[in-house]
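Residue-level listing of the chains:
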Amino acid sequence: MAEPAPKKHKALDASVQAYIDTNEGTANFWLLAGATGSDDLQIKLPTCRAFVAFHSKLIRDLPDEEDPEFPVLCDHDTSTLVLFLQACQPNFCGLPEYSAGDIGKLSKIAHYFDAPILVDCLFDQLIKLLQKSDNNNAFTWTSELYEAVFVMKDLGKKFVLLDPSDLDPRARRSPGGFEIQFAPPHHEHGAALRIHNNFFVIQFPRVFLELDEAARSTLKKHSRSLISSFITRYREGKYGSGIYSEAVKASMLSCLYFVLAEATSKT
């Protein structure tokens, strides 16, 4: 019996609906997005099981007679699940270039599906994205970049913060700069992301505290240590002046406004 076509949802994102329309005719496997909700909220995303299984150990280990519908029992938005399924499709040109936000979200899904090679490819993209940003000589950390770095750190990728004094004196230095160190092939961590400490820490309080409460949730796990580090280093006079002054001022003002708002809300 032929699989019925997935229902069209009025509120469905246009890119998700386009993906469903393109792939439903050749699919033999479906991911159920929103699987923990009611049936009318579930969205069936069609795909080829062999494509997903090539990358995902979770799908590869399913019995052959397993139901062709696989519930995604975690909180991932449907549009990011579509990006994951598209990343699993054969592409001789490799993965498309993703934004920092997509790298962070895709890495979480790839980890959920036990797809380490895909995580490695996304980590390589993050390194190149940071290199490209740094080469513009106007490096600004965003919440999406912080989230992508934190996700990779939580997934076990090597993550090294450097003080300016730790940098190779022969290396080019720039505000917010970082070094990429490639370990020997047998090294368990592979590439290591080495980030210049100052701007990474300095800009975090401003970026984090300017987000609304819901948006902060993706960065909250690392927020206390980074904000504490910023304040401690500021008190110790680590930042001096010059290229850091405006960024330090912006973050200090954000901290002050946040403390005042918290105090006011309790009175």
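What counts, and where the lines are drawn
- Throughout, a residue's number is its position along its own chain's written sequence, starting from 1.
- It should be noted that, the model being predicted, local features are given only for residues of pLDDT at least 70 and side-chain atom pairs only at 80 or more, the latter also being counted only at that level, while totals for whole chains, interfaces and linings use all residues.
- With hydrogens and water set aside, each side-chain value is computed from the structure's full complement of heavy atoms.
- Counting from the N terminus, the helices are the DSSP runs of H or I reaching at least four residues and the strands are the DSSP runs of E reaching at least two.
- In this scheme, a residue with accessible area under 20% of its type's maximum is buried, one over 50% is exposed, and one in between is partly exposed, where area comes from a 1.4 Å probe on protein chains only.
- By definition in these notes, contact holds between two residues if any of their heavy atoms fall within 4.5 Å.
- In the analysis that follows, any N or O atom pair within 3.5 Å is treated as a polar contact, provided that within protein one partner can donate a hydrogen and the other can accept it, and provided that, for residues neighboring in sequence, both atoms belong to side chains.
- pLDDT: the predictor's confidence for each residue, scored from 0 to 100.
- Residues enter patches when their relative accessible area tops 30% and they take part in no salt bridge; the joining distance is 9 Å for like charges and 5 Å for the nonpolar side chains Val, Leu, Ile, Met, Phe, Trp and Tyr.
- Here the accessible surface of atoms and residues is derived via Shrake-Rupley with a 1.4 Å probe, and residues count as covered only by protein chains that are part of the display.
- Take a side-chain nitrogen of Lys or Arg and a carboxyl oxygen of Asp or Glu: if they are within 4 Å of each other, that pair is a salt bridge.
- In summary, the pairing rule links any two rings of Phe, Tyr or Trp, Trp by its six-membered ring, whose centres are within 6.5 Å, and it sorts them by plane angle into stacked for under 30 degrees, edge-to-face for over 60 and tilted for everything else.
- For a Lys NZ or an Arg CZ to count as sitting over a ring, it must be within 6 Å of the ring centre and within 35 degrees of the ring normal.
- Axes here refer to lines fitted to C-alpha atoms; in helices the fit is confined to the stretch in contact. Angles between the N-to-C directions go from 0 to 180 degrees.
- Roughly parallel means an angle under 35 degrees; roughly antiparallel means over 145; roughly perpendicular covers 65 to 115; every other angle is labelled oblique.
- Take the far helix as your reference; a near helix turned counterclockwise from it by less than a right angle gives a left-handed crossing, and one turned clockwise gives a right-handed crossing.
- Classes in brief: Ala, Val, Leu, Ile, Met, Phe, Trp, Tyr, Cys and Pro nonpolar; Asp, Glu, Lys and Arg charged; the others, Gly included, polar.

**Examining the overall build of the chain**
Turning to step 1, where the next piece is worked out: Check the secondary structure of the chain and you find 11 helices and six strands.
Turning to step 2, where the next piece is worked out: A total of 267 residues make up the chain; the buried ones form 43% of that total.
Turning to step 3, where the next piece is worked out: Long-range contacts, defined as pairs at least 24 residues apart, comprise 66% of the intrachain contacts of the chain with a sequence gap of at least 6.

**A look at the side chain of Asn23**
Turning to step 1, where the next piece is worked out: Looking at where Asn23 falls in the secondary structure, it is placed in helix α1 (residues 14-23).
Turning to step 2, where the next piece is worked out: On the basis of relative accessible area, Asn23 is assigned to the buried category, the value being 14%.
Turning to step 3, where the next piece is worked out: Within the local environment of Asn23, its side chain forms a polar contact with the backbone oxygen of Tyr19, the two atoms lying 2.8 Å apart.
Turning to step 4, where the next piece is worked out: Among residues more than four places away in sequence, those in contact with Asn23 are Pro46 and Gln89.

**Focus on the confidence of the model for the chain**
Turning to step 1, where the next piece is worked out: Within the chain, residue pLDDT values average 77, and 70% of them lie at 70 or more.
Turning to step 2, where the next piece is worked out: The model gives residues 6-10 a pLDDT under 50, and that stretch makes 10 contacts with residues more than four places away or in other chains.
Turning to step 3, where the next piece is worked out: For the stretch residues 166-190, pLDDT sits under 50, and the model shows 47 contacts to residues farther than four places along the chain or on other chains.

**Remarks on a nonpolar patch on the surface**
Turning to step 1, where the next piece is worked out: Side chains of Leu253, Leu256, Tyr257 and Leu260 sit close together on the surface and give an oily, nonpolar patch of about 400 Å² of accessible area.
Turning to step 2, where the next piece is worked out: Along the chain, the position of Leu260 falls in helix α11 (residues 245-265).

**Considering the packing of aromatic side chains**
Turning to step 1, where the next piece is worked out: Under the defined criterion, the tally for this structure stands at 12 aromatic pairs.
Turning to step 2, where the next piece is worked out: Taken together, a centroid distance of 5.0 Å and an interplanar angle of 85° make the contact between Tyr146 and Phe204 edge-to-face. Of this pair, Tyr146 sits in helix α7 (residues 143-154) while Phe204 is found in helix α8 (residues 197-209), placing the two residues 58 residues apart along the sequence. Of the two residues examined, Tyr146 and Phe204, each falls in the buried class.
Turning to step 3, where the next piece is worked out: Taking the relative accessible area as the measure of exposure, Phe204 reaches 0% and is therefore buried.
Turning to step 4, where the next piece is worked out: A connected cluster of aromatic rings, assembled from ring pairs, spans Trp141, Tyr146, Phe150, Phe200, Phe204 and Phe208.
Turning to step 5, where the next piece is worked out: Lying across the ring of Trp30, Lys44 places its NZ or CZ 5.6 Å from the centre.
Turning to step 6, where the next piece is worked out: Positioned over the ring face of Phe208 is Arg216, at 5.6 Å from the centre of the ring.

**Let's talk about the pattern of salt bridges**
Turning to step 1, where the next piece is worked out: Enumeration over the complete set of coordinates arrives at eight salt bridges.
Turning to step 2, where the next piece is worked out: Measuring nitrogen to oxygen at the nearest pair gives 3.3 Å for the salt bridge that ties Asp154 to Lys221. Placement of Asp154 in helix α7 and of Lys221 in helix α10 (residues 220-235) is noted, with a sequence separation of 67 residues between them.
Turning to step 3, where the next piece is worked out: Look at Asp154 and you get partly exposed, because its relative accessible area is 42%.
Turning to step 4, where the next piece is worked out: Take Lys221: its relative accessible area is 66%, and that puts it in the exposed class.
Turning to step 5, where the next piece is worked out: Note that Arg206 is salt-bridged to Glu210, the shortest N-O span being 3.8 Å.

**Details of the packing of helix α5 (residues 100-112) against α7**
Turning to step 1, where the next piece is worked out: Between α5 and α7, the least distance of the axes is 7 Å, while the angle of their chain directions is 30°. With respect to their mutual orientation, α5 and α7 come out roughly parallel. Where α5 crosses over α7, the two elements pack in a sense that is left-handed. Of the residues in α7, those touching α5 at Ala100, Gly101, Ile103, Gly104, Ser107 and Lys108 are Glu144, Leu145, Glu147, Ala148, Val151 and Met152.
Turning to step 2, where the next piece is worked out: A class-by-class count of the residues in the contact of α5 with α7 yields six nonpolar, three polar and three charged.

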